[in-house]
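One-letter residues, chain by chain:
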Amino acid sequence: MSLSTRIFLALGAGILFGGLLNLYFPGWVEPLDENLLQPVGDIFLRAIQLIVVPLVFVALIMGLTQLRGSGYIARYTSKLMSLYIVTSAIAIFFGLVIAFIIRPGDSAEPIATGEGETEEGQSLIDWLVSIVPENPFEALASGNLLQVIVLAALVGTAINLLSGDQTRPFIDVIESVYEIVQKVLALVLKIAPFGVFALIASMVASQGFNIIANLAVYVLGLILAIVLMIGLYALFLFITGAKPKTFFKGFAPAFTLAFGTASSNAALPVALNGAEKAGLQNELSRFAIPFGTALKRDGAGILQGFNAIFVVQLFGVDMTIELVLTIFLSALLVSFSTAGVPGAGIIMMTTVLSAANLPLEGIAIVAGIDRITEGFRTLLNVVGNTANASLLQQWENRREKNP
């Protein structure tokens, strides 16, 4: 049985178990959650996060040294950023349009479940400055993927500028570390179904499905926008000559893991592992997928745009073109600076709502159901990241055929 099948079955079993626990044994929810489900889920997340940073660091260096030239790095980066901006803008557009059409704010009432975070996100300037690490060891220890990518890019570029005799011993070490990390990943993935089962069962058991009733239109609208964007990516892949079936089959374990853990970072090692099966060349995927994991957040973009219009409708704020543009641009910027960990989207809502001068109380209203939609949003994040890597592959293939 494949990994994606086992994870999918674990997801279904977790939802069923959590739902039954919430409905028929509510007294057991808290002790089981605190003493079994949450610890098992946290252990799995910590185990897989353990290998994210070393894998990104060594995979990027290997990819950059295989490219053998800074021109490739600059070209890949510029092409990826162009793809990211266009596709992120489309994703946010979908979120805004769906919110305008179904009007989720008209059917919702403030609820008393969950409290929204009110801490401010970083400004754009601060975020740009923070990309450059002050201390390489601190960047690696803190798990800041953007800083790790910058560090690996500098190391990989420096290797390309030196002779092979000077760098061969270091490259041998990097390749050895990569193989070791891959083996550790294989061991960790053996417990993936148990971790996913625990995470999803914990969420369903503690929150139940009743919380969705008051915000059903909100939840369904958000999921609809996500499904439309995934469908558009499949269309893009087909049009550009990629094989959508091969793509989705190759990355299936990463997609199911992303949905179950609600963490793009957790899905990264599995996505790298499945890239070749999905039709990507190793030297390209080892650069593009970690880069996209740090930057590409279509799910976050849809959430921020959709949620801002929801707040506008809920609180009766006058809709103007300037307001919509402010929401669109701030959601676009926030989508590139949202961390790939559970709960990050809620925190970043503050930035968008503040930029548009909208009530921050809107965060508390949706905080209780955030985890329910977070798996769908993370799934889209990983689909968007890997799809853009595949689109870059097709772009490069055409360039080679027509230099």
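Residues numbered from 1 in each chain as written. Predicted model: local features only at pLDDT ≥ 70, side-chain atom pairs only at ≥ 80, totals over all residues. Heavy atoms only, no water.

K.L.:
What exactly am I supposed to notice about unusual backbone geometry here?
P.N.:
Among all residues except glycine, the phi angle is most often negative; among peptide bonds, the trans geometry is most common. Its identity as a non-glycine residue notwithstanding, Arg-103 has a phi of 50°, on the positive side. Secondary-structure assignment places Arg-103 in the loop between α4 (70–102) and α5 (124–130). Accessibility expressed as a relative area gives 37% for Arg-103, which makes it partly exposed. We note that Asn-357 has phi near 55°; this positive angle belongs to a residue other than glycine. You can see Asn-357 is positioned in the loop between α18 (344–355) and α19 (361–367). (Helix = DSSP H or I, 4+ residues; strand = E, 2+ residues; numbered from the N terminus. Buried < 20%, exposed > 50% of the residue type's maximum accessible area, 1.4 Å probe, protein only.)

K.L.:
Explain the packing of aromatic side chains here, please?
P.N.:
What describes a pair of aromatic rings is the distance from one ring centre to the other and the angle between the planes of the rings. In total, this model carries 13 aromatic pairs according to the counting rule given. Taking 5.0 Å as the distance between ring centres and 85° as the angle between the ring planes, the aromatic pair formed by Phe-247 and Phe-248 counts as edge-to-face. Classification of Phe-248 by relative accessible area gives partly exposed; the value is 26%. Their ring planes at 50° and their centres at 5.9 Å tell us that Phe-247 and Phe-255 sit as a pair that is tilted. By way of ring pairs, the aromatic residues Tyr-76, Tyr-84, Phe-287 and Phe-291 are connected into one cluster. The lysine or arginine in question, Arg-286, covers the ring of Tyr-178, its NZ or CZ lying 4.7 Å from the ring centre. (Phe/Tyr/Trp six-rings, centres within 6.5 Å; stacked < 30°, edge-to-face > 60°. Lys NZ or Arg CZ within 6 Å of the ring centre and 35° of its normal.)

K.L.:
When you look at the UniProt feature "transmembrane region" (unreviewed entry) in the chain in this model, what are you seeing that I'm missing?
P.N.:
UniProt marks residues 7–24, 44–62, 83–102, 145–163, 184–205, 211–239 and 306–334 with the feature "transmembrane region" (unreviewed entry), using the numbering shown here. As a span, residues 7–24 carries 100% helix and 0% strand, and end to end its C-alpha atoms are 25 Å apart. Structurally, residues 44–62 is divided into 95% helix and 0% strand, and its ends, taken at the C-alpha atoms, are 27 Å apart. (UniProt positions renumbered as here; feature names shortened; annotations may be inferred.)

K.L.:
I keep staring at the packing of helix α16 (residues 298–314) against helix α20 (residues 370–401) and nothing clicks. Help me out?
P.N.:
Packed helices, taken two at a time, are described by the angle their axes make and the gap between the axes. Closest axis-to-axis distance for the α16/α20 pair is 6 Å, and the angle between their directions is 135°. Overall, the two elements α16 and α20 adopt an arrangement that is oblique. Residue-level inspection shows Asp-298, Gly-299, Ala-300, Ile-302 and Leu-303 of α16 in contact with α20, the latter providing Asp-370, Arg-377, Leu-380, Asn-381 and Gly-384. For the contact of α16 with α20, the residue count by class is four nonpolar, three polar and three charged. (Axes fitted to C-alpha atoms, helices over the stretch in contact; angles between N-to-C directions. Parallel < 35°, antiparallel > 145°, perpendicular 65-115°, else oblique. Contact = heavy atoms within 4.5 Å. Nonpolar A, V, L, I, M, F, W, Y, C, P; charged D, E, K, R; others polar.)

K.L.:
Sorry if this is basic, but what is going on with helix α17 (residues 321–335) here?
P.N.:
At 3.6 residues per turn, the α-helix brings residues three or four places apart onto the same side. Taking 1.5 Å per residue, 15 residues should reach 21 Å; α17 reaches 21 Å between its end C-alpha atoms and fits that length. All of the buried residues along α17 are Leu-323, Val-324, Ile-327, Ser-330, Ala-331, Leu-332, Val-334 and Ser-335. (Expected span 1.5 Å × (residues − 1).)

K.L.:
Would you mind showing me how to read a nonpolar patch on the surface here?
P.N.:
Residues Leu-16, Leu-20, Leu-23, Tyr-24, Phe-25 and Trp-28 make up a contiguous nonpolar surface patch of roughly 710 Å² in combined accessible area. Sorting elements by how many residues they give to the nonpolar patch places helix α1 (residues 3–24) first, with four residues. As for its placement among the helices and strands, Tyr-24 is situated in helix α1. For Tyr-24, a relative accessible area of 58% corresponds to the exposed category. (Patch = residues over 30% accessible without salt bridge, like charges linked within 9 Å, V, L, I, M, F, W, Y side chains within 5 Å. Areas by Shrake-Rupley, 256 points an atom, 1.4 Å probe, with all protein chains shown as cover. Salt bridge = Lys/Arg side-chain N within 4 Å of Asp/Glu carboxyl O.)

K.L.:
Is there a simple way to explain the confidence of the model for the chain in this structure?
P.N.:
Reading predicted coordinates in detail is not appropriate for stretches of low pLDDT. Chain-level pLDDT for the chain is 85 on average; 90% of the residues reach the 70-or-more range. Averaged over each element, pLDDT in the chain is lowest for helix α10 (residues 210–214) (63) and highest for helix α11 (residues 216–239) (95). pLDDT under 50 marks residues 110–121. Its contacts with residues more than four places away, or in other chains, come to 26 contacts. (pLDDT = per-residue confidence, 0-100.)

K.L.:
For this particular structure, what's the right way to read the environment of Asn-135?
P.N.:
With respect to the helices and strands, the residue Asn-135 is situated in the loop between α5 and α6 (136–142). A sequence separation of 16 residues divides Asn-135 from Leu-151, and the C-alpha atoms of the two residues are 9.6 Å apart.

K.L.:
Even after reading the chapter, I still don't get the nonpolar core, so can you show me in this structure?
P.N.:
Generally speaking, a soluble globular protein has its nonpolar side chains buried in company with each other. Tyr-218, Phe-251, Ile-327 and Leu-358 are the most contacted members of the largest nonpolar core, which totals 124 residues. Those residues in contact with Phe-251 that lie beyond four places of it in its chain are Ala-271, Gly-274, Ala-275, Ala-278, Leu-280, Ile-289, Thr-386 and Ser-390. (Core = buried A, V, L, I, M, F, W, Y, C linked by side-chain atoms within 4.5 Å.)

K.L.:
What exactly am I supposed to notice about the pattern of salt bridges here?
P.N.:
Opposite charge on two side chains lets them pair, provided their charged atoms get close. Applying the stated criterion across every chain yields a total of six salt bridges. Linking Arg-103 and Asp-106 is a salt bridge whose minimum nitrogen-to-oxygen distance equals 2.5 Å. Judged by its relative accessible area of 48%, Asp-106 is partly exposed. Look at the salt bridges and you will find they share partners, linking Arg-75, Lys-79 and Glu-396 into a network.

K.L.:
Would you mind going over the environment of Ile-73 with me for this structure?
P.N.:
Its location among the elements puts Ile-73 in helix α4. Note: C-alpha distance between Ile-73 and Thr-157 (84 residues apart in sequence) is 8.6 Å.

K.L.:
Is there a simple way to explain the packing of α11 against α20 in this structure?
P.N.:
Relative to each other, α11 and α20 sit at 15°, their axes nearing to 10 Å. Classified by the angle their axes make, α11 and α20 are roughly parallel. As for how α11 packs across α20, the hand of that crossing is left-handed. In this structure, α11 contributes Val-219, Leu-222, Ile-223, Ile-226, Met-229, Ile-230, Tyr-233, Phe-236, Leu-237 and Ile-239 to the contact, and α20 contributes Thr-373, Phe-376, Arg-377, Leu-379, Leu-380, Val-383, Gly-384, Ala-387, Asn-388, Ser-390, Leu-391 and Arg-398. Here the contact of α11 with α20 is built from residues that sort into 16 nonpolar, four polar and two charged. (Left-handed = near helix turned anticlockwise from the far one by under 90°.)

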